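Listed below are the residues making up each chain.
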Amino acid sequence: MFKIFKRNKYDSVVLHFIMAKLSQLAELPETHQILRQTCRDYADRELSPIAGRLDKEHSYPGKQILDLGAMGVMAIEVPEDLGGAGMDYLAYSVAMEEISRGCATFVFILSLYVSEGKWLKCDSFFTLIVGNGSDAGAASTLAHQEGDEWVLNGTKAWITNSWDASATVVFATTDKKLKHKGISAFLIPMPHPGLSLGKKEDKLGIRASSTANIILEDCRIPLSNMLGPRGAGFKIAMQTLDSGRIGIASQALGIAQASLDCAADYAHKRCAFGSPIGKLQGIQFKLADMAVAIESARLLTWKAASLRDSQKPFTKEAAMAKLAASEAATFCSHQAIQILGGMGYVTDMPAERHYRDARITEIYEGTSEIQRLVIAGQVLKEYQQ
Amino acid sequence: MTGRVLVGVKRVIDYAVKIRVKPDQSGVVTDGVKHSMNPFCEIAVEEAVKMKEKKLIKEVVAVSCGPQQAQETIRTALAMGADRGIHVEVTGKDYENLGPLQVAKIFAALAKKEEAQLVILGKQAIDDDCNQTGQMTAALLDWPQGTFASEVTMEGDKLKVVREIDGGLETIKINIPAVLTADLRLNTPRYATLPNIMKAKKKKIANMKPADLSVDIVSRLEVLKVEEPPQREAGMKVETVEDLVAKLKEGGTI
């Protein structure tokens, strides 16, 4: 047992926890392994073959979403009595990574956890709008009460899956003077009078999912459509973000892993200078760096998920996971194209799609810059005098 | 029918893995190599679970013979919908020498013990390609067999089985109890749903040894050598049909 240098009380709590959970991070429990294998099989057989076409045609994989719903992947951590799979966040992370390895577009919102800790039962697939850019507290969409209705006005930009969702959660300012404590969350079914969609953005990557503005003009919804108490919106958004970061980290891991798979396979097959290029040290160094980047990001992601499952604070770890995984995705996909050379630049091989898909992971669900601020904030708090 | 079905599931090297022969030519490398359920066994499990869903049978019991790791394969069958599992423990040299005849003896004994109405197996395993276990099991039990099944329908107290044979398709009607072996086109195995993966954790897997079933697993066969197929040699290009014919005659092919 090596000497653990305790810097502060938070550290020792986490370290004790890590020692207990180390075996879980080193190897997944059996159910998680079966889940991982099931998702991997599905991704290999049903998603990888169509991913290129979905990207070219910008088409939404409706059937596959329904399949995954039937398998229970869309509601992994929802309790069984509410119709979910009743598994934990680590399972969610593992499933996301495997699905993403097949096709990166599957940006799921699997469930909504409202601030009182109650699950929201929702039959439809819906999209979550946090949409304020990096300045999360400055929600310019306004909501005011008129009789027994809420009236919402404003525009939300960059909303994923907007054209394919059946409902949406909107964060709007209910009390401007309270600043971020005056933001509330609302559930709006789609379509709905007063809610319209902007044009579909023509994106660099993850093209199978639609991204568009959602425009609210005198959008009226019943009072009961407010989620959680008034003013709890920011807190709900932040909580969702923390968990969402683990999901995006898993997605980025899937893309990174797919890039490594593609590059390593090519290194075995492509011959130059008389042997497979995998024999060249230049290529080997790249593959090694890619593998290390992925494995470290994966362990960070599993750790964040495990902390969340044990209801321990996980904000710092979630931000670290998202940062590490998204940077691993862009790094690995970049190197994969380099290893494939000319073949990496054409659509015949998936490397170029991974490169384009990876790029967004450093931007959405909190830019890499925001993640660094979150991490720094946590680190400074630990060292507070 | 309110009976019980035994489904055999074998743990084999995953179909996507590149097989390597051991340097001493005694077998193939299995250590650290990815294993999974034999694809034909998956089809067998799917058929059994479908029969249960149609209420044609009451209980699906997944059976596997092998070392500790065989339990993973049984667990996958449970996640697909089997009700319980039986792990017949065979380890070490016994496991290396385990072949269709011994497995058939085990299944015959279990079918009697469990009072099964049906035994469904994959038509063959992708590691040894024997295609014998189903047939031998039926013979030991003196039950009818529907092998290479691509379609199975219950008709009263009989089974109508469409079999894939060299000449095409053959339809037979057999009595129950019977042994069936699943061919490729019988069905498309389902993906285990997450709720079922969780439920599978709670399902029981009983442990036993061949001796508990009074089965003697001594092999009557001895593997002498395992070697790789010959390396495919490079071909050669010729310019004209006459050259081609000449080369073929030269090589003694024609």
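Keep in mind that what you see is a predicted model, and the values were worked out from it rather than measured.

Caption draft 1: Inspection of the overall build of chain A at higher detail. A tally of helices and strands in chain A yields 10 helices and 10 strands. A total of 385 residues make up chain A; the buried ones form 50% of that total. In chain A, of all internal contacts separated by at least 6 residues, the share reaching a separation of at least 24 is 72%. Accessible area of chain A: about 18,000 Å², with a carbon and sulfur share of 57%.

Caption draft 2: Representation of the pairing of strand S7 (residues 145–155) of chain B. Residues and elements named next belong to chain B. Sheet topology places S7 next to strand S10 (residues 178–182); three bridges connect them, and they run parallel. Counterpart to Gln 145 in the pairing with S10 is Val 179. Note: S7 against strand S8 (residues 158–165), six bridges, orientation antiparallel. Across the sheet, Ala 149 pairs through a bridge with Arg 163, a residue of S8. As consecutive antiparallel partners, S7 and S8 are separated by two residues, and within that stretch Gly 156 has a phi angle of approximately 70°, a positive value.

Caption draft 3: Just the interface of chain B and chain A, in detail. Facing 11 residues of chain B, the contacting portion of chain A comprises 19 residues. Of the roughly 1,500 Å² buried at the junction of chain B and chain A (both faces included), carbon and sulfur atoms supply 66%. Put simply, chain B and chain A have one salt bridge between them. Among the salt bridges present, the one from Glu 30 of chain A reaches Arg 75 of chain B, with a minimum N-O distance of 3.7 Å. Linking chain B to chain A there are two residue pairs in polar contact (both at pLDDT 80 or more). Elements represented by at least two residues in the side of chain B that touches chain A include exactly helix H2 (70–80) and helix H6 (194–202) of chain B. Broken down by element, the residue count for the side of chain B that touches chain A peaks at five residues, all from H6 of chain B. Looking at side-chain class alone, the side of chain B that touches chain A contains six nonpolar, one polar and four charged residues.

Caption draft 4: Inspection of the sheet that holds strand S4 (residues 57–66) of chain B at higher detail. Residue and element names in this part refer to chain B. With mixed pairing, the nine strands of this open sheet are ordered in space as S9-S8-S7-S10-S6-S1-S4-S5-S11. With partners counted over all chains shown, the strands left at the sheet margins are strand S9 (168–175) and strand S11 (205–208), one partner each. The mean angle between the axes of side-by-side strands here comes to 30°, regardless of whether they run parallel or antiparallel. Sheet topology note: the S4/strand S5 (residues 84–89) ladder contains six bridges and is parallel. From the neighbouring strand, Val 61 faces S5, where its bridge partner is Arg 84.

Caption draft 5: The arrangement of the packing of aromatic side chains in detail. All names here are of chain A. For the structure shown, the criterion picks out three aromatic pairs over all chains. Ring centres of Tyr 89 and Tyr 92 lie 4.8 Å apart, and the angle between their planes is 70°; this geometry places the pair in the edge-to-face category. Taken together, the residues span about one helical turn, with Tyr 89 and Tyr 92 both in helix H4 (residues 89–102) at a distance of three residues. By relative accessible area, which is 4% here, Tyr 89 ends up buried. Geometrically, the ring pair formed by Trp 150 and Phe 186 is edge-to-face, given 5.3 Å between the ring centres and 65° between the ring planes. Here the residue Trp 150 occupies a position in strand S3 (residues 149–160), and Phe 186 occupies one in strand S5 (residues 183–189), the gap between them amounting to 36 residues.

Caption draft 6: Just the side chain of Asp 183 of chain B, in detail. Residues and elements named next belong to chain B. Along the polypeptide, Asp 183 turns up in the loop between S10 and H6. Accessibility expressed as a relative area gives 4% for Asp 183, which makes it buried. The contacts of Asp 183, once residues within four sequence positions are left out, are Phe 40, Ile 43, Lys 123, Phe 148, Ala 149 and Glu 164.

Caption draft 7: Looking closely at the UniProt feature "domain: Electron transfer flavoprotein alpha/beta-subunit N-terminal" (unreviewed entry) in chain B. Within the UniProt annotation, "domain: Electron transfer flavoprotein alpha/beta-subunit N-terminal" (unreviewed entry) is assigned to residues 25–217 of chain B. As annotated, residues 25–217 of chain B comprises 33% helix and 31% strand, and the C-alpha atoms at either end are separated by 24 Å.

Caption draft 8: Main features of the packing of H4 of chain A against helix H5 (residues 233–269) of chain A. All names here are of chain A. At a minimum axis distance of 7 Å, the contact between H4 and H5 shows a crossing angle of 40°. One way to sum up the angle between H4 and H5 is to call them oblique. Considering the relative orientation of H4 and H5, their crossing is right-handed. The residues of H5 that touch H4, namely those facing Tyr 89, Tyr 92, Ser 93, Met 96, Glu 97, Ser 100 and Arg 101, are Ser 243, Gly 244, Ile 246, Gly 247, Ser 250, Gln 251, Leu 253, Gly 254, Ile 255, Gln 257, Ala 258 and Asp 261. Along the lines of polarity and charge, the residues of the contact of H4 with H5 split into seven nonpolar, nine polar and three charged.

Caption draft 9: Quick peek at the packing of H4 of chain A against helix H6 (residues 281–309) of chain A. Residues and elements named next belong to chain A. Two elements in contact, H4 and H6, have axes whose closest approach is 7 Å; the angle formed by their N-to-C orientations is 145°. Between H4, through Tyr 89, Leu 90, Ser 93, Val 94 and Glu 97, and H6, the contact on the second element is made entirely by Arg 298, Thr 301, Trp 302, Ala 305, Ser 306, Arg 308 and Asp 309. Looking at the contact of H4 with H6 residue by residue, the classes come out as five nonpolar, three polar and four charged.

Caption draft 10: Examining the side chain of Glu 46 of chain B more closely. Residue and element names in this part refer to chain B. Along the chain, the position of Glu 46 falls in helix H1 (residues 39–53). Residue Glu 46 is classed as buried on the basis of its relative accessible area, which comes to 4%. Once residues within four sequence positions are removed from consideration, Glu 46 is found in contact with Met 80, Asn 187, Thr 188, Pro 189 and Arg 190.

Caption draft 11: Main features of the pairing of strand S7 (residues 211–222) of chain A. All names here are of chain A. Bridge count for S3 against S7 is nine bridges, and the pairing is antiparallel. Of the residues in S7, the one forming a bridge with Val 151 is Arg 220. Bridging between strand S6 (residues 195–197) and S7 involves three bridges; their strand directions are antiparallel. In the sheet register, Ser 196 faces S7, and the bridge partner there is Ile 215.

Caption draft 12: Representation of helix H2 (residues 30–57) of chain A. All names here are of chain A. Taking 1.5 Å per residue as the helical rise, H2 with its 28 residues ought to reach 40 Å, and the 38 Å between its terminal C-alpha atoms agrees with that figure. The largest bend along H2 reaches roughly 45° and is located at Leu 47, with the proline Pro 49 sitting one to four residues downstream. Just downstream of H2, His 58 is the residue with a positive phi angle, here 55°.

Caption draft 13: Main features of the confidence of the model for chain A. Residues and elements named next belong to chain A. Residues with a pLDDT of 70 or more make up 84% of chain A, whose mean pLDDT is 83. Note on residues 108–119: pLDDT is under 50 here. Beyond four places in sequence and across chains, it has 45 contacts. Taken together, the stretch residues 121–126 has pLDDT below 50 and engages in 17 contacts with residues farther than four places along the chain or on a different chain.

Caption draft 14: How the structure looks around a nonpolar patch on the surface. All names here are of chain B. The grouping of Met 236, Val 238, Val 241, Leu 244, Val 245, Leu 248 and Ile 254 at the surface amounts to a nonpolar patch, some 620 Å² of accessible area in total. When you line up the elements, Val 238 lands in the loop between S11 and helix H7 (241–250). Judged by relative accessible area, Val 238 falls into the partly exposed class, the value being 31%.

Conventions we followed
Residues numbered from 1 in each chain as written. Chains lettered and ligands numbered in written order. Predicted model: local features only at pLDDT ≥ 70, side-chain atom pairs only at ≥ 80, totals over all residues. Heavy atoms only, no water. Helix = DSSP H or I, 4+ residues; strand = E, 2+ residues; numbered from the N terminus. Buried < 20%, exposed > 50% of the residue type's maximum accessible area, 1.4 Å probe, protein only. Contact = heavy atoms within 4.5 Å. Areas by Shrake-Rupley, 256 points an atom, 1.4 Å probe, with all protein chains shown as cover. Pairing = 2+ DSSP bridges. Buried area = accessible area lost by both parts, 1.4 Å probe. Salt bridge = Lys/Arg side-chain N within 4 Å of Asp/Glu carboxyl O. Polar contact = N/O pair within 3.5 Å; in protein donor to acceptor, adjacent residues only side chain to side chain. Nonpolar A, V, L, I, M, F, W, Y, C, P; charged D, E, K, R; others polar. Axes fitted to C-alpha atoms, helices over the stretch in contact; angles between N-to-C directions. Phe/Tyr/Trp six-rings, centres within 6.5 Å; stacked < 30°, edge-to-face > 60°. UniProt positions renumbered as here; feature names shortened; annotations may be inferred. Parallel < 35°, antiparallel > 145°, perpendicular 65-115°, else oblique. Left-handed = near helix turned anticlockwise from the far one by under 90°. Expected span 1.5 Å × (residues − 1). Bend = angle between axes of the 7 residues up to and from the residue. pLDDT = per-residue confidence, 0-100. Patch = residues over 30% accessible without salt bridge, like charges linked within 9 Å, V, L, I, M, F, W, Y side chains within 5 Å.

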